[in-house]
Amino acid sequence: MGHLPPSKFALKDNVQFRVADSILTGVIELTDFAHSSNKAYHSYSIFVEERDCSYTHVPEQDVLKKF
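For clarity, every value in this text was computed on a predicted model and none was experimentally measured.

## Structural notes on the environment of Cys53
Point 1. You can see Cys53 is positioned in strand E4 (residues 53-59).
Point 2. Residue Cys53 is classed as partly exposed on the basis of its relative accessible area, which comes to 26%.
Point 3. With 27 residues separating them in the primary sequence, Cys53 and Gly26 have C-alpha atoms 9.8 Å apart.
Point 4. Not counting the four nearest positions on each side in its chain, Cys53 is found in contact with Ile46, Phe47 and Val48.

## Quick word on the pattern of salt bridges
Point 1. Enumeration according to the criterion identifies two salt bridges in this entry.
Point 2. As a salt-bridge pair, Asp62 and Arg18 come within 3.7 Å of each other at their nearest N and O atoms. On the criterion of sequence distance, the pair formed by Asp62 in the loop between E4 and strand E5 (63-66) and Arg18 in strand E1 (residues 14-19) is long-range, its members being 44 residues apart.

The rules behind these values
- Once a new chain begins, its residue numbering starts again from 1 and follows that chain's sequence as written.
- Note on the predicted model: pLDDT of at least 70 is required for a residue's local features to be given, and 80 or more for side-chain atom pairs to be given and counted; whole-chain, interface and lining totals, by contrast, use all residues.
- Only hydrogens and water are set aside; all other atoms, that is, all heavy atoms of the structure, feed into the side-chain values.
- Where helices and strands are cited, they refer to DSSP runs of H or I of at least four residues and of E of at least two residues respectively, numbered from the N terminus.
- Burial classification: accessible surface area is computed with a 1.4 Å probe over protein chains only, and a residue below 20% of its type maximum counts as buried, one above 50% as exposed, and the rest as partly exposed.
- Residues are treated as being in contact if the distance between any of their heavy atoms lies within 4.5 Å.
- Think of a salt bridge as a Lys or Arg side-chain nitrogen and an Asp or Glu carboxyl oxygen that are within 4 Å of each other.

This is the structure we're talking about:
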């Protein structure tokens, strides 16, 4: 497995992200990395206050921007 670049986002960042066909806004509460089929990528757990729940294992590519 190759070197994984630094995360683009950090704990407590307010971010906009995609889940299925929805765009949500939340706060990163956990950063991690995942790997499958020799590919590695950063992922995040993001808490969405309006829905009172966390979305886990959100791939970095689905985090659209930081506020």
